[in-house]
Amino acid sequence: MQERNTAGYVVVLLGPPGGGKGTQAVRLAKELGLEHFSTGEILREEVRQGSELGRQVKAVMESGALVSDEILGRIVRERLSSLDGKGCILDGYPRNLAQAEFLEEARNGLRLIVVNLAVPEEAIVKRLSGRRFCPRCGTVYNIYFSPPKVDEICDQCGTELQRREDDREEVIRERLRVYREVTQPVVDYYAGRPEFREIDGDGAPEVVYQRLLAAVKSLME
Ligand code: AMP
């Protein structure tokens with residue numbers, strides 16, 4: 001149900017890896033009629049398809065490091081220009097200050113809303129190490145918080161669940177280090193602006209979702 005005009009908005013969802021951005025973004029996009037652009041998902045799809053771009057980024061992604069700003073810039077600019085008046089959610093972008101500055105120019109008059117999902121680091125490690133996904137239909141589970149009915153099997157389509165390549169423990173540590181050193185400054189970059197809100201991202205997905213929805217709506221009014 002779309003209660004308000006969300007055209008012309010770019011909703012940036014910030015937060016640590018495994019902080020629940022993806023799950024929340026899918027629901028928010030549906031409810032508000034926004035396009036959902038997950039840069040991680042866009043890149044993983046390129047890797048799955050074995051495209052030239054996918055071959056370029058595969059090893060970097062598997063190590064937990066960031067893909068180059070230049071590649072991300074091209075992806076984001078292209079997606080923003082495909083909106084055709086619709087609003088969107090950016091999930092996973094910007095990840096460093098250079099990307100935040102790039103977005104200022106690439107959004108080209110689209111109005112920015114920035115919400116940071118704050119999640120403590122202990123919670124993240126558990127979320128990432130418990131995360132599973134269905135390679136067939138894309139449903140995401142967590143063996144600790146939202147397990148499938150049958151261990152390691154998708155409730156929706158019966159396919160065996162998988163772990164993301166970058167959800168192994170040593171890679172998780174690297175992704176968190178990158179987050180602290182490179183992405184946290186992006187939160188500081190937006191903090192204090194009128195279009196910025198921080199919400200408590202620790203808790204049941206439904207509870208976090210209501211906080212997120214309220215924050216986004218308050219910024220659209
Ligand atoms: P995510 O699904 O958002 O955790 O992203 C998975 C991986 O994709 C990251 O660890 C990076 O290697 C890459 N990636 C996604 N978004 C970006 C971005 N904005 N800048 C650089 N690399 C990214």
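Right above here is the structure, for reference.
Computed from a prediction, not measured in an experiment: that's the story for all the values here. (Residues numbered from 1 in each chain as written. Predicted model: local features only at pLDDT ≥ 70, side-chain atom pairs only at ≥ 80, totals over all residues. Heavy atoms only, no water.)

K.L.:
What exactly am I supposed to notice about the site of the ligand here?
P.N.:
If you check the shell around the ligand, you find 16 residues, and the closest are Thr-39, Arg-44, Ala-65, Gly-92 and Gln-99. Residue Arg-44 places a side-chain N or O atom 2.9 Å away from an oxygen atom belonging to the ligand. Separating an oxygen atom of the ligand from a backbone N or O atom of Ala-65 is a distance of 2.6 Å. Relative to its unbound accessible area of 480 Å², the ligand is 96% covered by the protein chains. With four residues, the single largest contributor to the shell around the ligand is helix 2 (residues 39-49). Residues that form the shell around the ligand fall into these classes: seven nonpolar, four polar and five charged. (Near = heavy atom within 4 Å. Polar contact = N/O pair within 3.5 Å; in protein donor to acceptor, adjacent residues only side chain to side chain. Areas by Shrake-Rupley, 256 points an atom, 1.4 Å probe, with all protein chains shown as cover. Helix = DSSP H or I, 4+ residues; strand = E, 2+ residues; numbered from the N terminus. Nonpolar A, V, L, I, M, F, W, Y, C, P; charged D, E, K, R; others polar.)

K.L.:
Is there a simple way to explain the nonpolar core in this structure?
P.N.:
In summary, soluble globular proteins display a tendency toward joint burial of nonpolar side chains. Counting 30 residues, the largest nonpolar core has Val-10, Val-12, Leu-43, Ile-71, Leu-80, Leu-103 and Tyr-190 as its most contacted members. Listing elements by their share of this core, those giving two or more residues are strand 1 (9-14), helix 2, helix 3 (52-63), helix 4 (69-81), strand 3 (88-91), helix 5 (97-106), strand 4 (111-118) and helix 7 (169-190). Here the element with the most residues in this core is helix 4; it accounts for five residues. Ignoring anything within four residues of it in the chain, the contact list for Val-12 reads Leu-90, Tyr-93, Pro-94, Leu-103, Leu-112, Ile-113, Val-114 and Val-115. Ala-29, Leu-34, Tyr-209 and Met-220 belong to the second largest nonpolar core, which has 21 residues in total. (Core = buried A, V, L, I, M, F, W, Y, C linked by side-chain atoms within 4.5 Å. Buried < 20%, exposed > 50% of the residue type's maximum accessible area, 1.4 Å probe, protein only. Contact = heavy atoms within 4.5 Å.)

K.L.:
Sorry, what's going on with the sheet that holds strand 3 here?
P.N.:
The strands making up a sheet associate through backbone hydrogen bonding, with each pair oriented either parallel or antiparallel. Read from one edge to the other, the open sheet built from five strands follows the order 2-3-1-4-7, with strand pairing classed as parallel. Two strands close off the open sheet at either side, each with one partner strand: strand 2 (35-38) and strand 7 (196-200). Between one strand axis and the next, the sheet turns through 20° on average, direction left out of account. Pairing between strand 2 and strand 3: four bridges, direction parallel. Residue pairing in the sheet places Glu-35 in a bridge with Cys-88 of strand 3. Along the sheet, helix 7 makes contact with strand 1, strand 4 and strand 7, crossing strand 4 at roughly 130°. (Pairing = 2+ DSSP bridges. Axes fitted to C-alpha atoms, helices over the stretch in contact; angles between N-to-C directions.)

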